[in-house]
Amino acid sequence: MSQSEAHKALVKGVVVALRSRFTNISIRIDLQQNPGDEVPPKIDRFRPDVYATQKRGYPIVIAEAKTHGDIDNRHTHDQVVAFIKYLNRNETNLFIMAVTGYRADRAKTFLRFIRKELQVVSTEIEVFDGCDFWRLDSSEGINWRLY
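These numbers come from a predicted model, not from an experiment. (Residues numbered from 1 in each chain as written. Predicted model: local features only at pLDDT ≥ 70, side-chain atom pairs only at ≥ 80, totals over all residues. Heavy atoms only, no water.)

Caption draft 1: Examining unusual backbone geometry more closely. Despite not being glycine, Asn 24 shows a phi value in the positive range, around 55°. On the secondary structure map, Asn 24 appears in the loop between helix 1 (5–21) and strand 1 (25–29). (Helix = DSSP H or I, 4+ residues; strand = E, 2+ residues; numbered from the N terminus.)

Shown next, in the form of structure tokens:
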């Protein structure tokens, strides 16, 4: 499926933010510039928009960009569940949903329910609204705080 310009902009925005937030991060994105460019691995049957690794901090960071109509559908639910289950298997990793600013509240609600559904304890969950990262509180999983 072809990606919209809005989706590509979200992916590029989260990559820029990740590079400024973390040092020594290796990032693969699902926007091939040239044939043979390395893309993220498939997880279950889905390929994340961003798959990053680093030696310090979070071993694996997965980011998924969602435009305004893409949050509330079964495909997104199944995709996010697959990514968080994958991340939650081992060490503390990080999942980020990148959205346009006005959809951040909907993304936060969506991810709060996913966290509860999966009983996530070791994976950090964040929403990137184009400017800031918001982390789901790890103790109770109901509050969001600016990170």
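Next, the rest of the story.
Caption draft 2: Region of interest: the side chain of His 7. By the element assignment, His 7 lies in helix 1. Here Ala 65 takes part through its backbone oxygen, which lies 3.2 Å from a polar atom of the side chain of His 7. Among all residues touching His 7, those that are not within four sequence positions of it are Asp 49, Ala 65 and Thr 67. (Polar contact = N/O pair within 3.5 Å; in protein donor to acceptor, adjacent residues only side chain to side chain. Contact = heavy atoms within 4.5 Å.)

Caption draft 3: The arrangement of the packing of helix 2 (residues 74–87) against helix 3 (residues 104–118) in detail. Packing of helix 2 against helix 3 brings their axes to within 11 Å, and their N-to-C directions diverge by 55°. Between helix 2 and helix 3, the angle falls in the class oblique. Crossing of helix 2 against helix 3: the hand is right-handed. The residues of helix 3 that touch helix 2, namely those facing Thr 76, His 77, Val 80, Val 81, Ile 84 and Lys 85, are Phe 110, Leu 111, Ile 114, Glu 117 and Leu 118. Each residue belonging to the contact of helix 2 with helix 3 can be placed in one class, and the counts come to seven nonpolar, two polar and two charged. (Axes fitted to C-alpha atoms, helices over the stretch in contact; angles between N-to-C directions. Parallel < 35°, antiparallel > 145°, perpendicular 65-115°, else oblique. Left-handed = near helix turned anticlockwise from the far one by under 90°. Nonpolar A, V, L, I, M, F, W, Y, C, P; charged D, E, K, R; others polar.)

Caption draft 4: Structural view of helix 2. With 14 residues, helix 2 ought to run about 20 Å at 1.5 Å a step, and its terminal C-alpha atoms sit 20 Å apart, in line with that. All of the buried residues along helix 2 are Thr 76, His 77, Gln 79, Val 80, Val 81, Ala 82, Phe 83, Ile 84 and Leu 87. Its side-chain oxygen 3.2 Å from the backbone nitrogen of His 75, Asn 73 forms the N-cap of helix 2. (Expected span 1.5 Å × (residues − 1). Buried < 20%, exposed > 50% of the residue type's maximum accessible area, 1.4 Å probe, protein only.)

Caption draft 5: Just the packing of aromatic side chains, in detail. Per the stated rule, a full pass over the model turns up four aromatic pairs. Relative to Tyr 86, the ring of Tyr 51 has its centre 6.4 Å away and its plane inclined at 50°; by these criteria the two rings are tilted. Placement of the pair is Tyr 51 in strand 2 (residues 50–54) and Tyr 86 in helix 2, with a sequence separation of 35 residues. Ring geometry for Phe 128 versus Phe 133: centroids 4.7 Å apart, planes at 35°, classification tilted. Grouping residues by exposure puts Phe 128 and Phe 133 together as buried. Across from the ring centre of Trp 134, 3.9 Å away, lies the NZ or CZ of Lys 108, which sits over that ring. We note Arg 135 situated over the ring of Tyr 147; from NZ or CZ to the ring centre the distance is 3.8 Å. (Phe/Tyr/Trp six-rings, centres within 6.5 Å; stacked < 30°, edge-to-face > 60°. Lys NZ or Arg CZ within 6 Å of the ring centre and 35° of its normal.)

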